[in-house]
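# Report on the structure
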Amino acid sequence: MTALARTMSNPLRRAEVLTAYLFLSPTLIGFVVFIVGPVIAAVVLSTYNWNMINPAEPAGLNNYKQLLSDPRLGSIYLTTFKIAVSTVLLKLFLGLIIAVLLDTKIHNWLRTFFRLSFFFPFVVSATAVALIWSFLLNKDLGMVNWFLGLVGIQRIPWLNSSTWSPLAIIITDVWKDLGFYVVVFVGGLQTISGDLYEAAEVDGSNRFQRFLYITLPLLTPTILFLSVIGLINAVQIFAQPWVLTMGGPGDATRTVVMYIFEQGFRFFNMGYASTVALSLFVVLFGLTILQFAFSRRWVFYQ
Amino acid sequence: MSADTTIRSAEDVLPKVARRPVRVHWDAILTVILLLWGSAIMIAPFAWIMQVAFSSAARAYQMPPQFFPSSITLQNFANVFQDVPYLNFIRNSFFVAAAITVGQLITCPMAAYPFARLRFPGKNVLFIVLLATLMIPVQVTIVPLFIFMRQTGLYNTHWSIILPALISPFGVFLLRQYFMTIPTELEDAARIDGASYITIFWRIIVPLSMPAMMTLGIITFVFWWNEYFTPLIMLHDPELQVLPVGLTLLQGRYSAGAVGNVAAGVTMAVIPILIVFLLLQRNIIKSIASTGLKG
């Protein structure tokens, strides 16, 4: 308090502090009203039952008990993880291959063409992408099954079988996001010094060895970055399953965010929706901590 | 012994250099063929949907799949404009995304400047609290925000989307990191000449940070132009709806038949993005790749 008083009695320091708060005020006001306030409200709401028509009833920890005993929620989390982990692994794998191919000696205009064609779906809205793929994956009339038919594969019911519909979501999502992974990997590859490859070439290594012992270890920080933000985003997947399958058949493609949406804005269980949302926050936070903790074992910093 | 190996390896190297162009050439051809297949898989769905949009209904599901229309009809587009307020969707999307982008380009640099340059009580605590909220998913705050918007009468107006998005802890962090890289000499000189903090911010920091501001502007606009979750919750009237939600309204009405109408709607949504993307591709790709937009 005295330190603050001393600061404020010095006119130069006072101008600095006042300017700081003046500049910060729009962000701070918005931050309190639209982030901190709602987060606190969500915690409070989770201890109430409220459908926005009748007055809210205190529910104690009932919503949390329901959370732990909700048979649907467990399977929905499992489905979400299955889809999220598969998409992230596929994007990492395919993204790395394509980036390595792009990083070779090819014409500049060809490289630009490839980069643009891979990246473009990433800037298109998820709903437009999902609508396109809902036609492509149609069982009887879709292009995907027609091409599969050329190699003798029978028509697959992509969108209305609980076995195949998660795969339909995965394909659509990987196709949309792949370009982002490619571009980030290409950026990572460009930071690797050419000297290392030359030295390894002089030592008689082949291409595959150079990839395994130089490229891959030096890309591990990039892989960590992509898997952390990739998993956070993938667990929150909503638009693709919402447009492609509406979560069905049954709960086969229902993700946690879809469940929150339905609880909150279809059934108006505001308390339970907040509780599930808070559980999602805890899960995302835990996943991120886990990834960083594990990263010490496999990420190589130069 | 050592002299011996040196000579032998030198002999090995010489023929290798002579052989190399041919081998690399084959590698390059294989690489290009693989990449061409890859980009065909990325482009074909767009080509097909545009072909459907410009064709009569009979051609939509013709097999083998067609990627170019044989005869052009604009009937599907006319149907879209007749059945949904498509121009409204575009106008609404543009208004929401532009308002949020402008807002963040004002609030974020203003907040980033004190964090990067000024000394004030509570600086570190505030910064850490701001960063910590980056981990909170939008689903946690959306239920209370929905209730808030219902009670303030802002529900079903564009402001229910715009107001909460006018500030961005992520944007503040992004710009603060950039401001930290600007050398302080210019500011020191300006201080000696008696410039105020506001002058320094406006005349030195902002002009020197245009690349970072551009990055923030691009990712903010792209994100909100494509955003689906928030408008789906906050808006009710079709006339007020944004494009990503509006497109699904087409699907709702025609899930039974008129593929062409959905295709026309999607085509009109994709073509403007394609044009802007081709014009600004370098900036867009660099901005998104350097910051990890999405979410």
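Everything quoted here is computed from the prediction, not taken from an experiment. The residue count restarts for each chain, going from 1 along the sequence in the order it is written. As they are written, the chains are lettered A onward and the ligands numbered 1 onward, keeping that order. In view of the model being predicted, local features appear only for residues whose pLDDT reaches at least 70, and side-chain atom pairs are presented and counted only at 80 or more, with totals across whole chains, interfaces and linings using the full set of residues.

## Considerations on the overall build of chain A
Formally: Note on conventions: DSSP H or I runs of at least 4 residues are helices, E runs of at least 2 residues are strands, and numbering of each starts at the N terminus. When we talk radius of gyration, it's over C-alpha atoms, and the globule rule is simply 2.2 Å times the number of residues to the 0.38. With C-beta atoms placed from the backbone, a residue counts as buried when 20 or more other C-beta atoms lie within 10 Å of its own, as exposed when 12 or fewer do, and as partly exposed for counts between those limits. Two residues qualify as a contact pair if the distance between their C-beta atoms, derived from the backbone, is within 7 Å.
Within chain A one finds 13 helices and two strands. For chain A, whose C-alpha radius of gyration is 25 Å, the value lies well above the compact-globule estimate of 19 Å for 302 residues. Overall, the C-alpha framework of chain A stretches about 70 × 60 × 35 Å when taken along its three principal axes. Counting every position in chain A, which comprises 302 residues, the buried fraction comes to 40%. Excluding contacts between residues fewer than 6 apart, the proportion of contacts in chain A whose partners are at least 24 apart in sequence is 69%.

## Remarks on the overall build of chain B
Counting secondary structure elements, chain B contains 13 helices and zero strands. The linear arrangement of helices and strands in chain B, starting from the amino end, is α-α-α-α-α-α-α-α-α-α-α-α-α. Within chain B, the fraction of its 295 residues that count as buried is 40%. The long-range fraction of contacts in chain B, counting pairs at least 24 apart against all pairs at least 6 apart in sequence, stands at 75%.

## Examining the domain arrangement of chain B
All names here are of chain B. Inclusion rule: An automatic or database domain assignment is the source of the domain bounds shown. Under the scheme applied here, ten amino acids are nonpolar (Ala, Val, Leu, Ile, Met, Phe, Trp, Tyr, Cys and Pro), four are charged (Asp, Glu, Lys and Arg), and all others, including Gly, are polar.
When cut into domains, chain B gives domain 1 (2-73) and domain 2 (76-291). With seven residues of domain 1 in contact, the opposing surface of domain 2 contributes nine residues. Tallied by class, the residues present in the side of domain 1 that touches domain 2 amount to seven nonpolar, no polar and no charged.

## A look at the nonpolar core
Basically, it comes down to this: By convention in this section, buried Ala, Val, Leu, Ile, Met, Phe, Trp, Tyr and Cys residues joined through C-beta atoms within 7 Å make up a nonpolar core.
Ranked by size, the top nonpolar core spans 154 residues in total, and within it Val-182 of chain A together with Val-266 of chain B carry the most contacts. Among all residues touching Val-266 of chain B, those that are not within four sequence positions of it are Ala-128, Leu-131 and Ile-132 of chain A together with Ile-49 and Leu-247 of chain B.

## Side note on the domain arrangement of chain A
Residue and element names in this part refer to chain A. Split into domains, chain A comes out as domain 1 (2-63) and domain 2 (72-298). Listed per partner, the contact involves 11 residues of domain 1 and nine residues of domain 2. Only helix 2 (11-45) and strand 1 (48-49) provide two or more residues apiece to the side of domain 1 that touches domain 2. At three residues, helix 2 tops the list of elements feeding residues into the side of domain 1 that touches domain 2. Of the residues belonging to the side of domain 1 that touches domain 2, the class tally is seven nonpolar, four polar and no charged.

## Some points on unusual backbone geometry
All names here are of chain A. The omega torsion of the bond from Gly-248 to Pro-249 falls at -5 degrees, within 30 degrees of zero and hence cis. Along the chain, Pro-249 falls in the loop between helix 11 (239-244) and helix 12 (256-265). In this structure, Met-52 is a non-glycine residue whose phi angle is positive, near 70 degrees. With respect to the helices and strands, the residue Met-52 is situated in the loop between strand 1 and strand 2 (57-58). On the basis of neighbour counts, which here come to 13 C-beta atoms within 10 Å, the residue Met-52 falls in the partly exposed class. Despite not being glycine, Phe-268 has its phi angle at roughly 55 degrees, a positive value. Within the element layout of this structure, Phe-268 appears in the loop between helix 12 and helix 13 (270-298).

## Let's talk about the interface of chain A and chain B
Listed by partner, the interface residues are 71 residues for chain A and 70 residues for chain B. In terms of residue count, the dominant contributor to the side of chain A that touches chain B is helix 2 of chain A (18 residues).

## Concerning the packing of helix 2 (residues 75-83) of chain B against helix 13 (residues 259-291) of chain B
Residues and elements named next belong to chain B. Quick note on the threshold: Here an angle of 0 to 180 degrees is reported between the N-to-C directions of two axes, which are lines fitted to C-alpha atoms, with helices fitted over the stretch in contact. An angle counts as roughly parallel when it lies under 35 degrees, as roughly antiparallel when it exceeds 145, as roughly perpendicular when it falls between 65 and 115, and as oblique in every other case.
One way to put it is that helix 2 packs onto helix 13 with a least axis distance of 8 Å and a crossing angle of 85 degrees. For the element pair helix 2 / helix 13, the angle class is roughly perpendicular. Of helix 13, the residues touching helix 2 (which contributes Asn-76, Phe-77, Asn-79, Val-80 and Asp-83) are Gly-260, Asn-261, Ala-263, Ala-264 and Gly-265. Among the residues making up the contact of helix 2 with helix 13, the classes are represented as four nonpolar, five polar and one charged.

## Digging into the environment of Val-256 of chain A
Residues and elements named next belong to chain A. Positionally, Val-256 belongs in helix 12. Its 26 C-beta neighbours within 10 Å are what place Val-256 among the buried residues. For Val-256 and Leu-89, which are 167 residues apart along the polypeptide, the C-alpha to C-alpha distance reads 20 Å. Those residues in contact with Val-256, other than ones at most four positions away along the chain, are Ile-76, Tyr-77, Thr-80, Val-276 and Leu-280.

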